[in-house]
Amino acid sequence: MDIGSKIYLKDIEHIADDSHLKVRVLKIWNFIKNNQVLSIEMIIMDEEGTKYKSRVFSQNFSRFRDLIKEGESYIILKPNMAAVKNGFSVTGQKQTLTLDCKSIVKKCDDFSGPVNGFVFADFNSIIEQKCPRDSFFDVIGKIVSFRPLETTNPNPSRHYIKMTITNLQSVHLNVTIFGSQAHQMSQYLKSNSTVTCVVIMMQFVKLNVWNGIGQAQSHFDVKKMFINSDIVEINDFKKELKADKNGGMLEKSITTLPSYSSSYIDDFKGNFPLKTVCEITEPLTEMKYLLVGSIVNIRQNLPWYYEACYKCGSRVNNVPKTNLSYTAPGKMEDSVVIKCKNAACNNSNFHTVIKYIIPMNVQDHTGTIGLTLFDREAKRLLDISAFELKKIHEAAGDSLHLFPNQMNVLKNRKFAFLVDITSYNVINYNNIYTVVKLTEDVSIISDLESKLELMSVQSVSLNEVPLQSDEVVHTVEKDVISQTDESFTPSTVDKSSATSPMKISFDLKRNLHDIYDVDSGVDFSSTKSKRKSMGDGNPLLVPKVEK
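Everything quoted here is computed from the prediction, not taken from an experiment.

## Brief notes about the overall build of the protein
On a plain count of helices and strands, the protein comes out with 10 helices and 25 strands. Relative to its full complement of 547 residues, the protein shows a buried share of 48%. Sequence separation of 24 or more characterises 67% of the internal contacts of the protein that already satisfy a separation of 6 or more. Entry remark: accessible area of the protein is about 27,600 Å², with carbon and sulfur atoms responsible for 50%.

## Observations concerning the nonpolar core
Membership of the largest hydrophobic core comes to 33 residues, with the highest contact counts inside it found for Y356, I358, M360, L371, L373 and F417. Those elements giving two or more residues to this core turn out to be β16 (287–298), β20 (348–364), β21 (367–374), α6 (375–382), α7 (386–395), β22 (414–421) and β23 (433–439). With five residues, β20 is the largest single contributor of residues to this core. Not counting residues within four places of it along the chain, the set of residues in contact with L371 comprises Y289, L291, I358, P359, M360, V362, F417, V419, Y433 and V435. The next biggest cluster of nonpolar side chains, apart from the first, holds 29 residues, and it includes V175, L189, V209 and M225.

## Considering the pattern of salt bridges
A complete count under the given rule lists 16 salt bridges for this structure. The partner of E48 in a salt bridge is K10, with the nearest N and O atoms 3.6 Å apart. Of the two residues, E48 sits in the loop between β3 (36–46) and β4 (51–57) while K10 sits in the loop between β1 (5–6) and β2 (19–33), which places them 38 residues apart along the sequence. Under the relative-accessibility criterion, K10 is labelled exposed at 55%.

## Some thoughts on the environment of A378
Position of A378 among the secondary structure elements: in helix α6. Separated by 60 residues in sequence, A378 and L438 have C-alpha atoms that sit 9.7 Å apart. If sequence neighbours within four positions are ignored, A378 has contacts with Y356, I358 and L373.

## Some remarks on the pairing of strand β14 (residues 224–227)
Walk down a regular strand and you will see the side chains alternate between the two sheet faces. Burial of the side chains of β14 extends over both faces: K224 and F226 are buried on one face and M225 and I227 on the other. The pairing of strand β12 (residues 199–210) with β14 spans four bridges and is antiparallel. Across the sheet, the residue bridging to Q203 is K224, located in β14.

## What to know about the packing of aromatic side chains
Inspection of the entire model under this criterion finds eight aromatic pairs. Through pairs of rings, three or more aromatic residues link up here, namely F118, F120 and F226. Across the ring face of F178, the terminal group of R158 is positioned such that the distance to the ring centre comes to 4.2 Å.

## Observations concerning the environment of S157
Secondary-structure assignment places S157 in the loop between β9 (137–146) and β10 (160–166). Judged by its relative accessible area of 29%, S157 is partly exposed. Once the C-alpha coordinates of S157 and G179 are considered, the two residues, 22 residues apart in sequence, prove to be 4.0 Å apart. S157 has contacts with F178 and G179, leaving out every residue within four places of it along the chain. Within the structure, S157 has its side chain in polar contact with the side chain of N155 (distance 2.9 Å).

## Regarding α6
Along an α-helix, residues three or four apart share an orientation, since each turn contains 3.6 residues. Of all eight residues that make up α6, six are buried, and the element is covered over most of its length. Among all positions in α6, only D375, E377, A378, K379, L381 and L382 are buried. A positive phi of about 60° marks D383, the residue just after α6.

## Quick word on the side chain of E47
Mapping E47 onto the fold places it in the loop between β3 and β4. A distance of 2.6 Å separates polar atoms of two side chains, one belonging to E47 and the other to K6. A polar side-chain atom of E47 sits 2.8 Å from a polar atom in the side chain of S112. Setting aside chain neighbours within four positions, we find E47 in contact with K6, Y8, K22, D110, F111, S112, G113 and P114.

## Some words on helix α3 (residues 179–191)
Compared with an ideal rise of 1.5 Å per residue, which puts 13 residues at 18 Å, α3 spans 19 Å between its outermost C-alpha atoms and is within 8% of the ideal. Every buried residue of α3 is listed here: G179, Q181, A182, M185, S186, Y188 and L189. All buried residues of α3 fall inside an arc of 160° around its axis, so they share one side. Residues of α3 that are exposed and point more than 90 degrees away from the buried face comprise K190 and S191. For α3, the secondary structure elements touched by its buried residues are β9, β10, β11 (172–178), β12 and β14.

## Topic: the confidence of the model for the protein
For the protein, the average pLDDT comes to 77, and 72% of its residues sit at 70 or higher. Every residue in residues 319–336 scores below 50 in pLDDT, and together they form 47 contacts with partners more than four places removed in sequence or on other chains. Every residue in residues 469–547 is under pLDDT 50, and counting partners more than four places away or in other chains gives 143 contacts.

## Overview of the pairing of β10
Most of β10 sits inside the fold, with six of its seven residues counted as buried. Pairing geometry for β10 and β11, over seven bridges, is antiparallel. The partner of M163 across the bridge, within β11, is V175. Hairpin connection of β10 to β11: five residues between the antiparallel strands, including S170 at a positive phi of 65°.

## Some points on the environment of S112
In this fold, S112 is placed in the loop between β8 (104–107) and α2 (123–127). Relative accessible area serves as the criterion here: at 59%, S112 is assigned to the exposed category. Considering only alpha carbons, one finds S112 and E48, 64 residues apart in sequence, at a separation of 8.9 Å.

So, how was this worked out
All chains use their own residue numbering, which begins from 1 and follows the written sequence. Note on the predicted model: pLDDT of at least 70 is required for a residue's local features to be given, and 80 or more for side-chain atom pairs to be given and counted; whole-chain, interface and lining totals, by contrast, use all residues. Working from all heavy atoms in the structure, the side-chain values ignore hydrogens and water. Helix and strand definitions follow DSSP, with helices as H or I runs of at least four residues and strands as E runs of at least two, each counted in order from the N terminus. With a 1.4 Å probe rolled over the protein chains alone, any residue whose accessible area is under 20% of its type maximum counts as buried; one over 50% counts as exposed, and the rest are partly exposed. Residue contacts follow a heavy-atom distance rule, with two residues in contact if any of their heavy atoms lie within 4.5 Å. Using a 1.4 Å probe, the Shrake-Rupley method yields the accessible areas, and only the shown protein chains count as cover for residues. Here, nonpolar core refers to any group of buried Ala, Val, Leu, Ile, Met, Phe, Trp, Tyr and Cys residues whose side-chain atoms link them within 4.5 Å. Throughout this description, the term salt bridge denotes a Lys or Arg side-chain nitrogen within 4 Å of a carboxyl oxygen of Asp or Glu. At least two bridges found by DSSP between two strands are what make those strands a pair. Under the pairing criterion, centres of Phe, Tyr and Trp rings, with the six-membered ring standing for Trp, must be within 6.5 Å; the plane angle then separates stacked pairs below 30 degrees from edge-to-face pairs above 60, leaving the rest tilted. Only lysine NZ and arginine CZ atoms are considered, and such an atom sits over a ring when it is within 6 Å of the ring centre and within 35 degrees of the ring normal. Under this definition, polar contacts are N or O atom pairs within 3.5 Å; protein pairs additionally need one hydrogen-donor-capable and one acceptor-capable atom, and for neighbouring residues in sequence, both atoms have to be side-chain atoms. Helix span is expected to be 1.5 Å times the residue number reduced by one. What the arc describes is the spread of directions from the helix axis to the C-beta atoms. Within a predicted model, pLDDT stands for the predictor's per-residue confidence, ranging from 0 to 100.

Set out below in structure tokens:
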């Protein structure tokens, strides 16, 4: 069969029926949804080292499933092309090569390109988030320390192991590995506990940002991992380590750190008082407490993300104008470069990052209260960064003032919450509290609920408790945008300590006016969804445009 002239992936848009591609399959995995394999996903590479995402849909499984193997080379004729969906491209390309009923695939025995096509990212570029944000990259390094495998999540694909690796310049990088490869890594470390030099190489990892610092993270089982393998790249890395006169790195043993979940879960085991919603409706005292409840809804009349200086965490739209100056757009796609004048930033240029700020209502058997879920815990639950979700939201053509449907997975789920009542809450009589940590661990929730039952039996009936005052107590929920965060302090705060209902209601409306152009009659209820009527009594919220 005549296969015509060869064409390379960089010129894929010009491929004709009388030309062909010659590629090596670097990685194969299945895309599964609702326990069904919907497509076979691949990363392919041509002889020039250019990589592309490729896909076979279920209707063509019978033609290609048994033919295409990882690590093998093929000649491809008449491929089809599709647009990259949701903004994330594993190879940085804007299109995906698909094999359909017209495509022809033949084995190739003379592929002359690279075997693996490694492209290692510089550790500093990852830490400073200057590496690709919406595509994969590769890393290589020696393991310095690790935490034991975490298996508390009932879903095995969410089991993970955290470790720190170092490069030849002694720059340390945090890495998180999920799923079956996390188990593989854990087993290797257990079986080779006396080995002092373990070099790992990970291909197709992605950027993850934690507390403003870039890290490398596996993406399901897409990543390829090599542990002390006898391949050129790892052998060359070890030779350079031995040649390092200053390191002595090979003699240092690998440090085993405490389990992340054990220290994380400790906070739910007696260090803080256990409360119900009715006990903490009024923010009278600074404190941290435990609460068991279910997320009943997300407050959709408030923003779900904010923009912050990635180094110090200062929220861009809350930092005074004198503290931020803007320069031309930078290389990172999520925002412009800012010059932050906060002391922690040393008056340097930094990119901004997108972070979650999710206002939600939580309910127990005594009532409902507003809580705010910030970036770290929100990202852990949603399994996607605010930056990535914002891109998906934009790609779908949805307004950023509407909540993404992905957040609905939080509703009707029961958690144990560690909640913080801060001085800001007390001074401003603001009962929208911050969630410090939360867990769905069934044993922890069950234990806390048992304690609540015991406390209920031992306490006097609520109806028999006399009120301290004949006055009616009015609870209030101020705009969540005025809520303090783990990484910033609000800049426009009502400093008055007055708590009269009229004063609080006025302040609430005033704070919302700072963010939206609002007519009178807007529904500010924290427990009811915003009415969608277009009548005179229910005007739309029109976001103000910053000038």
